[in-house]
Amino acid sequence: MRRFLVLLSLAALLLAPAAPALDRGGTRPIDRRVQAISRELRCPVCQNLSVWDSPSDVARTFRVRIRELAEQGRSDAQIRSFFVARYGDWILLEPPKRGIGLAVWLAPLAVLGAGGAIVFAAVARWRRRAAAAERLDPSVLAAARARLEALERELPPT
Amino acid sequence: MMRGLRITPLRAGLALAVTAGLVAGLGFGLSRDPRVLAPAVLDHPAPRFTLERLGGGRMTLPRAGRPLVVNFWASWCPPCRIEFPLLHEAWRRWGNRVQFAGVLYRNSASGARAFLVRMGDPPDGSYPNLIDPGSNTAIDFGVYGLPETFFIDRYGVIRAKVIGEISWSELEQNVGLIRR
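Residues numbered from 1 in each chain as written. Chains lettered and ligands numbered in written order. Predicted model: local features only at pLDDT ≥ 70, side-chain atom pairs only at ≥ 80, totals over all residues. Heavy atoms only, no water.

1. A closer look at the overall build of chain B
Operational definition: By the criteria applied, helices consist of DSSP H or I runs no shorter than four residues and strands consist of E runs no shorter than two, each listed in order from the N terminus. Any pair of residues with heavy atoms lying within 4.5 Å of one another is described as a contacting pair.
Summing up its helical and strand segments, chain B has five helices and seven strands in all. Moving toward the C terminus, one meets the helices and strands of chain B in the order α-β-β-β-α-β-α-β-α-β-β-α. A fraction of 73% describes how many contacts in chain B between residues 6 or more apart in sequence connect residues 24 or more apart.

2. A word on the pairing of strand 1 (residues 49–53) of chain B
All names here are of chain B. Note the following rule: Whether two strands pair comes down to DSSP finding at least two bridges between them.
When strand 1 meets strand 2 (residues 58–61), the two strands line up antiparallel, connected through four bridges. When the sheet's bridge partners are listed, E52 is paired in strand 2 with R58. Hairpin connection between strand 1 and strand 2: a loop of four residues separates the two successive antiparallel strands, and G56 in this loop has a positive phi of roughly 105 degrees. With two bridges joining them, strand 1 and strand 5 (residues 129–131) adopt antiparallel strand pairing. Bridge pairing links R53 to L130 in strand 5.

3. A look at the interface of chain B and chain A
To keep things clear, this is the line we draw: By buried area we mean how much accessible surface two parts lose on assembly, using a 1.4 Å probe and totalling the loss over both. Salt bridges, as used here, are contacts in which a Lys or Arg side-chain nitrogen is within 4 Å of a carboxyl oxygen on Asp or Glu. Within 3.5 Å is the distance limit for a polar contact, defined as a pair of N or O atoms, with the added protein rule that one can donate a hydrogen and the other accept it, and that residues adjacent in sequence qualify only through two side-chain atoms. Ten residues, namely Ala, Val, Leu, Ile, Met, Phe, Trp, Tyr, Cys and Pro, are considered nonpolar, four, namely Asp, Glu, Lys and Arg, are considered charged, and the remaining ones, Gly among them, are considered polar.
Taken residue by residue, the interface counts 19 residues in chain B and 18 residues in chain A. Together, the buried faces of chain B and chain A total about 1500 Å²; carbon and sulfur atoms form 53% of this surface. Inspection of the region where chain B meets chain A yields three salt bridges. We note a salt bridge from A:R65 to B:D140, for which the minimum N-O separation is 3.3 Å. The interface formed by chain B and chain A holds seven residue pairs in polar contact (both at pLDDT 80 or more) in total. Broken down by element, the side of chain B that touches chain A gets its largest block of residues, four residues, from helix 4 (residues 136–140) of chain B. Residue composition of the side of chain B that touches chain A, grouped by class: ten nonpolar, five polar and four charged.

4. So, the nonpolar core
Quick reminder of the rule: Among the buried residues, those of types Ala, Val, Leu, Ile, Met, Phe, Trp, Tyr and Cys that are joined through side-chain atoms within 4.5 Å form a nonpolar core. Three labels apply to residues, based on accessible area from a 1.4 Å probe with only protein chains included: buried if under 20% of the type maximum, exposed if over 50%, partly exposed otherwise in between.
With 67 residues, the main nonpolar core has A:F83, B:F72, B:F141 and B:F151 as its most contacted residues. Here this core gets six residues from one element, more than from any other, and that element is helix 3 (residues 57–71) of chain A. Setting aside residues up to four positions removed in sequence, B:F151 forms contacts with B:L68, B:V69, B:V157, B:I158, B:R159, B:A160, B:V162, B:I166, B:L171, B:N174, B:V175 and B:I178.

5. Topic: the packing of helix 2 (residues 78–94) of chain B against helix 5 (residues 168–179) of chain B
Residues and elements named next belong to chain B. So the rule is basically this: Helix axes use the C-alpha atoms of the stretch in contact, all axes being lines fitted to C-alpha atoms, and the angles between their N-to-C directions lie in the range 0 to 180 degrees. By convention the crossing between two helices is left-handed if the near helix lies anticlockwise of the far one by an angle smaller than a right angle, and right-handed if it lies clockwise.
Axis separation between helix 2 and helix 5 bottoms out at 11 Å; the angle between their running directions is 35 degrees. For the pair helix 2 and helix 5, the crossing hand works out as right-handed. Residues L86, L87, E89, A90, R93 and W94 of helix 2 form the contact with helix 5, whose participating residues are W168, L171, E172, V175 and R179.

6. Quick notes on the pairing of strand 3 (residues 68–73) of chain B
Residue and element names in this part refer to chain B. We apply this condition: For crossovers, right-handed means that the path from the first strand over the helix to the second runs clockwise, given strands pointing away from the viewer.
Counted residue by residue, strand 3 has six buried out of six residues, so it is predominantly covered. The two faces of strand 3 match: L68, V70 and F72 on one face and V69, N71 and W73 on the other face are all buried. Taken together, the six bridges between strand 3 and strand 4 (residues 99–104) define a ladder with parallel strand orientation. In the strand pairing of strand 4, N71 is matched with G102. A crossover connection joins strand 3 to the parallel strand 4 through helix 2; in handedness this β-α-β unit is right-handed.

7. Some details on the packing of aromatic side chains
All names here are of chain B. Counted only if it meets this: Any two of the Phe, Tyr and Trp rings considered here, Trp counted by its six-membered ring, make a pair once their centres fall within 6.5 Å; the pair's planes then place it as stacked at under 30 degrees, edge-to-face at over 60, or tilted in between.
On inspection of all chains with the given rule, the structure shows 14 aromatic pairs over all chains. The interplanar angle of 50 degrees and the centroid separation of 5.6 Å between the aromatic rings of W73 and F115 together place this pair among those described as tilted. Here W73 is found in strand 3, whereas its partner F115 is found in helix 3 (residues 109–118), with 42 residues between them in sequence. For the pair formed by W73 and F115, the shared burial category is buried.

8. Quick look at the side chain of B:S75
All names here are of chain B. Here S75 lies in the loop between strand 3 and helix 2. Taking relative accessible area as the criterion, S75 reaches 14% and is therefore assigned buried. Not counting the four nearest positions on each side in its chain, S75 is found in contact with R81, N107, G111, A112 and F115.

9. Some thoughts on the sheet that holds strand 7 (residues 158–163) of chain B
Across a sheet, paired strands are connected by hydrogen bonds in the backbone, their directions being either parallel or antiparallel. All names here are of chain B. The strand order 2-1-5-4-3-6-7 describes an open sheet built from seven strands, whose pairing is mixed. Looking at the sheet topology across the chains shown, the edges are occupied by strand 2 and strand 7. Neighbour-to-neighbour, the strand axes of this sheet turn through a mean angle of 30 degrees, independent of strand direction. Sheet strands in contact with helix 5 are strand 3, strand 4, strand 6 (148–152) and strand 7, and its direction is about 165 degrees off that of strand 7.

Structure below.
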């Protein structure tokens, strides 16, 4: 009997993490909306965890509030701006595409563009130089070729 | 033939500009006080809330024409316990002209009550402490963590917010701001 109880509690321990938190379960459309929105919001007390991923009490409170707002018929954008109005743009995990946030989105593109321009200019210069080499004066080329042949004649036969 | 590495005034200027930009960006980011991060609710009307008092009865705040100090706290939060005597002293000094209120954040009523009794300030002995089920009022105020103290002027506008343990000078300065 005792062994059975031990086994039972072990099984309960193993199964416990598989049980979803009440506010994160469900597959109805509203559950999916709560999940999608809470993945975009930053948990205020965590290091770069979304409200969806965080196990903290505050994040759970947020998820409950998101669900309430969704049940009241607010759109996704309205729910996002509800939290932005209270916590600022900081609450969004992805910076909004305006102001300094826009710079964050555009900076990598700008750097990529600048790098591309540098590579393009370098390649163009190499090609110009190669082309210039081909346009050598024929008399200079002939003289060089004659000098090379003379040197080869001086070499001992192998 | 290392033409690519030749230093020209244009290249030197570009390198300097890029370096200066990076240093300025880093300097700006590192010198900002993270305690005043994203004060989105600042200079906005404070949300109105009606909550149950720890000592019984309901209360609606802010009241028109009366400045308000709202302190979000919990008895399990050490800096909240440390700053409590300061808030109590501020209430003793300015409570006749400024409304003070505590809002409990994820705190059991019994835990908060026990702490207040231990501090010699049983519920409603000084200023009211309100129970915020579901932390809805805290979310409306954009509370990140504990403690946070909001200073609301007589027109109901949030004029200042202090994140973390408050100092006496911060209390004095911000109460002065909302008493005007």
